[in-house]
Amino acid sequence: MGLILAYFRKPRLDLARIRIVWCDHICEEDEYFQKVIHRLCKRNEAIRAAMLSSNAQHAESEAEEDFVLSSLADRISTFFHNLIEDDIIANEEELKRCCYDIGRQHAAYGKKRFKISFWEEFTLTMMNVLEEIYPTTTKEEQKAWHVFLRYVNENMLDGYHDALTYNDKPT
Ligand code: HEM
């Protein structure tokens, strides 16, 4: 019974509004993830260090670090682009698998575990930047994007933690 109730309470992905947020706003200007990464790194030095951890050899000066972070932002943007424009979001099994797999991949980045709060901060920053730079998005569109981000985050975390159980890292 509890499982059935949880199923009905869980907000469903609003595909139409997710596509509007992506195609009519984020994709148009192509600055969203650059701003997200820039803001995350400015606010939280530990996140910045974690993001640079798998590229330490290419990030010896501030300009090189900025370059590494900017190309990370581009790769994250491509990930979302593929989920939405290749219509992976329309197939929940496939969507889950893509997020789970990219989460698993994160277990290979850096020497230390990423704190759970890093993932939450990532989601919050993606929401903050959306509200700030795309003020014409409606409340319903923002809500749809938020549910989507939480979904991506949750499934990435599942993959990340499953992979860590094989690969014991310090906290
Ligand atoms: C919902 C949250 C997140 C999303 C959607 C996300 C997405 C991605 C994507 C798509 C990639 C590129 C993978 C590739 O090209 O092979 C990536 C790489 C990476 N992410 Fe995340 N990520 C998230 C959270 C985090 C967190 C919390 C951290 C640590 C603070 C982190 C650190 C990294 C690092 C270090 C790389 C590899 C950079 C490199 O090798 O150049 N990510 N992430």
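Reading the values: rules and limits
Here, residues in each chain are numbered from 1, in the same order as that chain's written sequence. At least 70 in pLDDT is required for a residue's local features to be given in this predicted model, at least 80 for side-chain atom pairs to be given and counted, and no such filter applies to totals for whole chains, interfaces and linings, which use all residues. Helix and strand definitions here come from DSSP, where helices need a minimum of 4 consecutive H or I residues and strands a minimum of 2 consecutive E residues; each element is numbered from the N-terminal end. Buried residues are those with 20 or more other C-beta atoms within 10 Å of their own C-beta, exposed residues have 12 or fewer, and partly exposed residues lie in between; C-beta atoms are placed from the backbone. By the convention adopted here, residues make contact when the C-beta atoms placed from their backbones lie within 7 Å. Here, axes are lines fitted to C-alpha atoms. For helices the fit covers the stretch in contact, and angles between N-to-C directions go from 0 to 180 degrees. Here the word oblique covers every angle except those under 35 degrees (roughly parallel), over 145 (roughly antiparallel) and from 65 to 115 (roughly perpendicular). Should the near helix be turned anticlockwise from the far one by less than a right angle, the crossing is termed left-handed; should it be turned clockwise, right-handed. Using a C-beta atom placed from the backbone for every residue, we mark a residue as near a molecule or strand if that atom lies within 6 Å of it. The residue classification treats Ala, Val, Leu, Ile, Met, Phe, Trp, Tyr, Cys and Pro as nonpolar and Asp, Glu, Lys and Arg as charged. All others, Gly included, are polar. In this usage, the nonpolar core is the set of buried Ala, Val, Leu, Ile, Met, Phe, Trp, Tyr and Cys residues whose C-beta atoms join them within 7 Å.

**Student:** Tell me about the overall build of the protein chain, and name the residues and values.
**Tutor:** A tally of helices and strands in the protein chain yields eight helices and zero strands. Each helix and strand of the protein chain, placed in order from N terminus to C terminus, yields the pattern α-α-α-α-α-α-α-α. Buried residues in the protein chain amount to 22% of all 171 residues. Put simply, 75% of the contacts in the protein chain that link residues at least 6 apart link residues at least 24 apart.

**Student:** Any chance you could break down the environment of D14 for me, citing the residues and the numbers?
**Tutor:** With respect to the element layout, D14 can be found in the loop between α1 (2–9) and α2 (15–29). Those residues in contact with D14 that lie beyond four places of it in its chain are A144 and V147.

**Student:** An account of the packing of helix α3 (residues 32–43) against helix α5 (residues 62–85) is needed here, citing residue identities and associated values.
**Tutor:** At a minimum axis separation of 8 Å, α3 and α5 run at an interaxial angle of 130°. Compared by their axis directions, α3 and α5 come out oblique. α5 is crossed by α3, and the crossing has right-handed handedness. On α5, the residues that touch F33, Q34, V36, I37 and C41 of α3 are L69, S70, L72, A73, I76 and S77.

**Student:** Summarise the site of the ligand; cite the residues concerned and give the values.
**Tutor:** Around the ligand, the structure places 22 residues, and the nearest of them are A50, R75, F79, Y109 and F118. Those elements giving two or more residues to the shell around the ligand turn out to be α4 (45–52), α5, α6 (92–106), α7 (116–133) and α8 (139–166). For the shell around the ligand, the residue count by class is 14 nonpolar, seven polar and one charged.

**Student:** Outline the packing of α3 against α7, listing residues and values.
**Tutor:** At their nearest, the axes of α3 and α7 sit 9 Å apart, and the two run at 125° to each other. It follows that α3 is oblique to α7 by the angle criterion. In this structure, α3 meets α7 at a crossing whose hand is right-handed. On the side of α3, the interface is formed by Y32, K35, V36, R39 and L40, while α7 contributes E121, F122, T125, M126, V129 and I133.

**Student:** Could you give an account of the nonpolar core, naming the residues involved and the relevant values?
**Tutor:** Within the largest apolar cluster, 33 residues are counted, with the highest numbers of intra-cluster contacts made by I18, V36 and I37. Elements represented by at least two residues in this core include exactly α2, α3, α4, α5, α6, α7 and α8. With seven residues, α8 is the largest single contributor of residues to this core. Every residue in contact with V36, bar those within four places of it in the chain, is listed here: A73, T125, M126 and V129.

**Student:** Provide a residue-level description of the environment of C99, including the pertinent values.
**Tutor:** With respect to the helices and strands, the residue C99 is situated in helix α6. Classification of C99 as buried rests on a count of 22 C-beta atoms within 10 Å. Along the primary structure C99 and M156 are separated by 57 residues, whereas in three dimensions their C-alpha atoms are 4.9 Å apart.

**Student:** Mind laying out unusual backbone geometry, listing which residues take part and the relevant values?
**Tutor:** In this structure, D87 takes a positive phi of about 60° despite not being glycine. Looking at the element boundaries, D87 is found in the loop between α5 and α6.

**Student:** Describe the environment of F148, with residues and values.
**Tutor:** Structurally, the position occupied by F148 is in helix α8. On the basis of neighbour count, F148 is assigned to the buried category, with 24 C-beta atoms found within 10 Å. F148 sits 136 residues away from R12 along the chain, and the two C-alpha atoms are 8.8 Å apart. Not counting residues up to four positions away in its chain, the partners in contact with F148 are L13 and I18.

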